[in-house]
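Coordinate analysis (summary)
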Amino acid sequence: QVQLVESGGGLVQAGGSLRLSCAASGRTFSRYAMGWFRQAPGKEREFVAVVSSIGGVLYADSVKGRFTISRDNAKNTVWLHMNSLKPEDTAVYYCAASVGVLPNTETRYDAWGRGTQVTVSS
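This write-up is about the structure you can find in this document. (Residues numbered from 1 in each chain as written. Predicted model: local features only at pLDDT ≥ 70, side-chain atom pairs only at ≥ 80, totals over all residues. Heavy atoms only, no water.)

A word on the side chain of T90
We apply this condition: By the criteria applied, helices consist of DSSP H or I runs no shorter than four residues and strands consist of E runs no shorter than two, each listed in order from the N terminus. Type-normalised accessible area, obtained with a 1.4 Å probe on protein chains alone, sets the label of each residue: buried when under 20%, exposed when over 50%, and partly exposed for intermediate values. Polar contacts, as counted here, are pairs of nitrogen or oxygen atoms within 3.5 Å of one another; within protein the pair requires one atom able to donate a hydrogen and one able to accept it, and residues that are adjacent in sequence qualify only if both atoms are side-chain atoms.
The residue T90 is located in the loop between β8 (77-82) and β9 (91-98) in this model. On the basis of relative accessible area, T90 is assigned to the buried category, the value being 18%. Looking at T90, its side chain comes within polar contact range of the main-chain oxygen of P87, at 2.9 Å.

This is the structure:
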């Protein structure tokens, strides 16, 4: 099973940018759809974005136009580029892997990272 490690979180002012990275172990990375979820304090974890094994993408409405997901199968890495950050983007961001095509629900994911904290100050 693929193992995932997120990095790149931190503190940023509103309007700023961050790039999250997710490094995956294993030789089957290219077969997985890779997603990002987030969980804010006191809230349920929610879908952010997913990129399929062949590069198709899907975004939550709340991040569309501000966030970009991308992957490099040769580097076993997926990124989440976050621009125009808002205080409501504050959350722990999780990387996840799925054998589905463009899954946007937690139950369709097979492996999860431990998360990286993103804090956006106003």
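Observations regarding the pattern of salt bridges
Let me state the cut-off plainly: We define a salt bridge as a contact between a side-chain nitrogen of Lys or Arg and a carboxyl oxygen of Asp or Glu at a distance within 4 Å.
One pass over the full model with this rule turns up five salt bridges. Two residues, E46 and R38, come together in a salt bridge whose shortest N-O distance is 2.6 Å. You can call E46 partly exposed: its relative accessible area is 36%. Two residues, E106 and R45, come together in a salt bridge whose shortest N-O distance is 3.0 Å. Taken together, the residues span a long stretch of sequence, with E106 in the loop between β9 and β10 (111-112) and R45 in the loop between β4 (33-39) and β5 (46-51) at a distance of 61 residues. According to the relative accessible area criterion, R45 is partly exposed, its value standing at 24%. Through salt bridges that share partners, R38, E46, R66 and D89 make up one connected network.

With respect to the state of the cysteines
The condition is simple: The term disulfide is used for any two cysteine sulfur atoms that are within 2.5 Å.
Per the stated rule, a full pass over the model turns up one disulfide. Here C22 is linked by a disulfide to C95, with a sulfur-sulfur distance of 2.1 Å. Its S-S torsion of about -80° marks the bond between C22 and C95 as left-handed, since a negative value means left-handed. With C22 in strand β3 (residues 18-24) and C95 in strand β9, this pair connects stretches of sequence that are 73 residues apart.

Observations concerning the environment of R71
Heads up, the rule is: For this analysis, residues touch if any pair of their heavy atoms sits within 4.5 Å.
Following the sequence through the fold, R71 ends up in strand β7 (residues 67-72). Residues R71 and T28, spaced 43 residues apart in sequence, show a C-alpha to C-alpha distance of 14 Å. Once residues within four sequence positions are removed from consideration, R71 is found in contact with F29, S30, Y32, A33, M34, V51, S52, S53, T77, V78 and W79. A polar contact is formed between the side chain of R71 and the backbone oxygen of F29, at a distance of 3.0 Å.

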